[in-house]
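This is what each chain is made of:
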Amino acid sequence: GESVGLHLPTLSVQEGDNSIINCAYSNSASDYFIWYKQESGKGPQFIIDIRSNMDKRQGQRVTVLLNKTVKHLSLQIAATQPGDSAVYFCAEIDVSGTSYGKLTFGQGTILTVHP
Amino acid sequence: DGGITQSPKYLFRKEGQNVTLSCEQNLNHDAMYWYRQDPGQGLRLIYYSQIVNDFQKGDIAEGYSVSREKKESFPLTVTSAQKNPTAFYLCASSIFQGITNTGELFFGEGSRLTVL
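Residues numbered from 1 in each chain as written. Chains lettered and ligands numbered in written order. Predicted model: local features only at pLDDT ≥ 70, side-chain atom pairs only at ≥ 80, totals over all residues. Heavy atoms only, no water.

Enquirer: Before we go on, may I ask you to explain the sheet that holds strand β1 (residues 4-7) of chain B in this structure?
Expert: In sheet architecture, strand pairing relies on hydrogen bonds along the backbone and comes in two forms, parallel and antiparallel. All names here are of chain B. If you trace the 4 strands from one edge of the open sheet to the other, you get β1-β3-β8-β7, paired in antiparallel fashion. Looking at the sheet topology across the chains shown, the edges are occupied by β1 and β7 (64-66). Across this sheet, the average inter-strand angle for adjacent strands is 20 degrees, counted without regard to direction. Bridge count between strand β3 (residues 19-25) and strand β8 (residues 76-78): 3 bridges; the pairing is antiparallel. Within β8, the residue paired with Leu 21 across the bridge is Leu 76. (Pairing = 2+ DSSP bridges. Helix = DSSP H or I, 4+ residues; strand = E, 2+ residues; numbered from the N terminus. Axes fitted to C-alpha atoms, helices over the stretch in contact; angles between N-to-C directions.)

Enquirer: Whenever I open this one, the state of the cysteines confuses me. Can you help?
Expert: Here a disulfide denotes a covalent bond joining the sulfur atom of one cysteine to the sulfur atom of another. Applying the stated criterion across every chain yields a total of 2 disulfides over all chains. For A:Cys23, the disulfide goes to A:Cys90, at an S-S distance of 1.8 Å. Disulfide A:Cys23-A:Cys90: the torsion about the S-S bond is 50 degrees, which places it as right-handed. Separated by 67 residues along the polypeptide, A:Cys23 in strand β3 (residues 19-25) and A:Cys90 in strand β9 (residues 86-94) bring together distant segments of the chain. No difference in accessibility class separates A:Cys23 from A:Cys90, as the two residues are buried. Note that B:Cys23 is cross-linked by a disulfide to B:Cys91, the S-S spacing being 1.9 Å. Its torsion about the S-S bond being -75 degrees, the disulfide of B:Cys23 and B:Cys91 is classed as left-handed. Taken as a pair, B:Cys23 in strand β3 and B:Cys91 in strand β9 (residues 87-94) lie far apart in primary sequence, 68 residues in all. (Disulfide = S-S within 2.5 Å. Buried < 20%, exposed > 50% of the residue type's maximum accessible area, 1.4 Å probe, protein only.)

Structure representation (structure tokens):
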């Protein structure tokens, strides 16, 4: 079946640096993507989303970029802080047939921010 | 405050026993989901329900069962047929917006099941 995957399983950065987390997806029918942050022992929390009719969307310190040509999206975190240390997942919405409404998650990237 | 409550947070089970994980939401969301997460892995969908009294199998439904008798409740039973039940289980809900469900998922804090 279709899947969403991440290029980098781990990422270590220094506090204050910018972080970029990448995600590849294979379902060209997906039209909505979400980035989630999961801290240890907790449920994932929504960070930012983007629809397929957009190339870029910005939030507070975060930016998501979508490249539909190569089926790639990325999450950029500006001025990374120790509190940003977590696992980051990208997810796509399956909007085809009777499976609509069901998210497919990627493997996740562990972001570690060093003070 | 509105949210999703999962219980218990930690659960230990002997082999051969069925266990039921509770998930309650007061967000008035139509859709609810159960995901399984293994160490170093992403989330895999077990079951989901878009409306009361209806639910659909996800990618790894074998050995699990659910019910959706009330809008706010979506309990998951891990049966003895599940060969490797030790995992972190996450319940989520979202507003179901019809064919294109672009609603954000809201997650509970998870339930960690360990089989002894």
